[in-house]
Amino acid sequence: MAGDQAHRRFFRSTRGRIVALLSRQGATVEELAQELGLTDNAVRAHLAALERDGFVVQRGQRRAAQGKPAYLYELAPAADRLFPRAYLPTLDALLELLTEQLPAAELERLLRTLGQRLAQRWRANDQGGASKPLSRVRWAVAVLNELGALAELEVVMEGLGDCSGGQARLRAASCPLAALIPSHPRLCLLVEALLAELTALPVRTCCRCAERPQCCFEIDLVSEH
C-alpha cells in the first residue's frame with residue numbers, strides 16, 4: 001500500500017531516524033549527533049522541523065559530563081501517529097465481514113448511523129446549531145478538514161440573504177477515508193450522514209471512489225431535514 005511505502009521512506013530519512021531514537025528515550029542534540037554521525041547543527045535543524053510539526057518537544061535538561069546542561073528532546077503525543085498501528089487493517093477486515101454478513105440496506109443504515117454518531121462529537125459544542133444554512137455548511141467543511149480532508153465550498157445556486165435557498169457543493173482533493181474507500185465505497189454514506197447531521201440539511205454524495213478518492217457532496221440550502 002502507498003501508506004506503507006511512505007511510512008518506510010520516512011523512517012529511512014534522518015528525521016525518521018531521530019523519531020525512532022527518541023521513541024526509546026529522550027536525548028540531547030549531542031547524543032543524537034553521535035548516534036547518527038551528523039554535526040550538532042544538522043541535528044538541530046531536523047529537530048527544529050520536527051518541533052514545528054508538533055512531533056518533538058524539549059523537556060528539561062541533562063547535565064553533560066563536561067560543560068553546561070543540554071536540552072533534552074522527547075517525542076510529543078502527536079508523534080504516535082507516525083508509528084504503525086493495527087487500526088486500518090482491523091477496520092478493513094471488519095468492513096469486509098459486515099459486507100459479507102449484512103444485507104446491503106442494513107449495512108448502509110449502519111454506516112449512516114455511525115456518521116450521525118460521529119457528528120455528535122462536534123454537535124455537543126453546538127457551534128453551528130442556531131446559525132443560518134450556509135454558516136452551518138461552512139462549519140461542517142471545517143469539521144471535515146479537521147478529520148483530514150482538504151475541502152473547499154462552492155455555492156452553486158445562491159438564494160436570498162445568507163443563502164437561505166440554493167445549493168452548495170463541497171469538494172475535497174483529499175478523502176479522510178482514502179485508504180478504505182476503493183474497497184468500501186459505501187463509506188461515503190458515513191461522511192454524507194455526518195455532514196447532514198452537522199448542517200441539518202439534505203446532503204447527496206457525488207464522490208469519485210477511484211484509486212485516489214475525491215470527496216464531493218451536494219448540499220441543499222433550502223429546507224432542514
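Structural data are supplied above this passage.
Residues numbered from 1 in each chain as written. Predicted model: local features only at pLDDT ≥ 70, side-chain atom pairs only at ≥ 80, totals over all residues. Heavy atoms only, no water.

Each helix and strand counted, the protein has eight helices and six strands in total. The linear arrangement of helices and strands in the protein, starting from the amino end, is α-α-α-α-β-β-α-α-α-β-β-α-β-β. In the protein, which comprises 225 residues, the share counted as buried stands at 36%. For the protein, restricting intrachain contacts to residue pairs at least 6 apart in sequence, the fraction spanning at least 24 positions comes to 53%. For the protein, the exposed area adds up to about 13,400 Å²; of that, 50% sits on carbon and sulfur atoms. (Helix = DSSP H or I, 4+ residues; strand = E, 2+ residues; numbered from the N terminus. Buried < 20%, exposed > 50% of the residue type's maximum accessible area, 1.4 Å probe, protein only. Contact = heavy atoms within 4.5 Å. Areas by Shrake-Rupley, 256 points an atom, 1.4 Å probe, with all protein chains shown as cover.)

Moving on, we get to the state of the cysteines. All told, the structure shown has one disulfide when counted by the stated rule. C206 shares a disulfide with C216; S-S distance 2.4 Å. Negative torsions about the S-S bond denote left-handed disulfides, and the value of about -65° found for C206 with C216 makes this one left-handed. Here C216 lies in strand β6 (residues 215-220) and C206 lies in the loop between β5 (203-205) and β6, a separation of ten residues in the sequence. Looking at C207, it has no disulfide partner, and the nearest cysteine sulfur is the one in C188, 3.7 Å off. (Disulfide = S-S within 2.5 Å.)

Below, the discussion takes up helix α8 (residues 188-199). End to end, α8 covers 17 Å across twelve residues, agreeing with the expected 16 Å (1.5 Å per residue, within 8%). Buried residues dominate α8, accounting for twelve of its twelve residues. On its buried face, α8 is in contact with α6 (104-123), α7 (133-146), β4 (166-172), β5 and β6. At the C-terminal side of α8, A200 shows a positive phi close to 55°. (Expected span 1.5 Å × (residues − 1).)

As a further point, take the packing of α7 against α8. The interhelical angle for the contact between α7 and α8, taken along N-to-C directions, is 140°, at an axis separation of 9 Å. Taken together, the axes of α7 and α8 lie oblique to each other. In this structure, α7 crosses over α8, and the sense of that crossing is right-handed. Contact residues: α7 offers R136, V137, W139, A140, V143 and L144, while α8 offers V191, L195, L198 and T199. When its residues are assigned to classes, the contact of α7 with α8 shows eight nonpolar, one polar and one charged. (Axes fitted to C-alpha atoms, helices over the stretch in contact; angles between N-to-C directions. Parallel < 35°, antiparallel > 145°, perpendicular 65-115°, else oblique. Left-handed = near helix turned anticlockwise from the far one by under 90°. Nonpolar A, V, L, I, M, F, W, Y, C, P; charged D, E, K, R; others polar.)

Turning our eyes to something else, we now look at the packing of α6 against α8. For the pair α6 and α8, the least separation of the axes is 7 Å and the interaxial angle reads 45°. Regarding the angle of α6 to α8, the classification is oblique. The two elements α6 and α8 cross, and the hand of that crossing is right-handed. Contacts between α6 and α8 involve E108, L111, R112, L114, G115, Q116, L118, A119, Q120, W122 and R123 from the former and L189, L190, E192, A193, L194, E197 and L198 from the latter. Within the contact of α6 with α8, the residues separate by chemical class into ten nonpolar, three polar and five charged.

Quick look at the nonpolar core now. Grouped together as the largest cluster of nonpolar side chains are 35 residues, with contacts concentrated most on A151, L170, L187, L195, L198, F217 and L221. Put simply, the parts of the chain that give this core at least two residues each are α6, α7, β4, α8 and β6. In contact with L187, other than residues within four places in its own chain, are L95, L111, L177, L180 and I181. Counting 20 residues, the second largest nonpolar core, distinct from the first, contains F11, I18, F55 and F83. (Core = buried A, V, L, I, M, F, W, Y, C linked by side-chain atoms within 4.5 Å.)

Most of β6 is tucked away: six of the six residues are buried. Neither face of β6 is exposed, since C215, F217 and I219 on one face and C216, E218 and D220 on the opposite face are all buried. In the sheet, β4 pairs with β6 via six bridges, with the strands oriented antiparallel. Paired with R169 across the bridge in β6 is E218. Here β5 runs beside β6; their pairing, made up of three bridges, is antiparallel. Across the sheet, residue T205 finds its bridge partner in β6, namely F217. (Pairing = 2+ DSSP bridges.)

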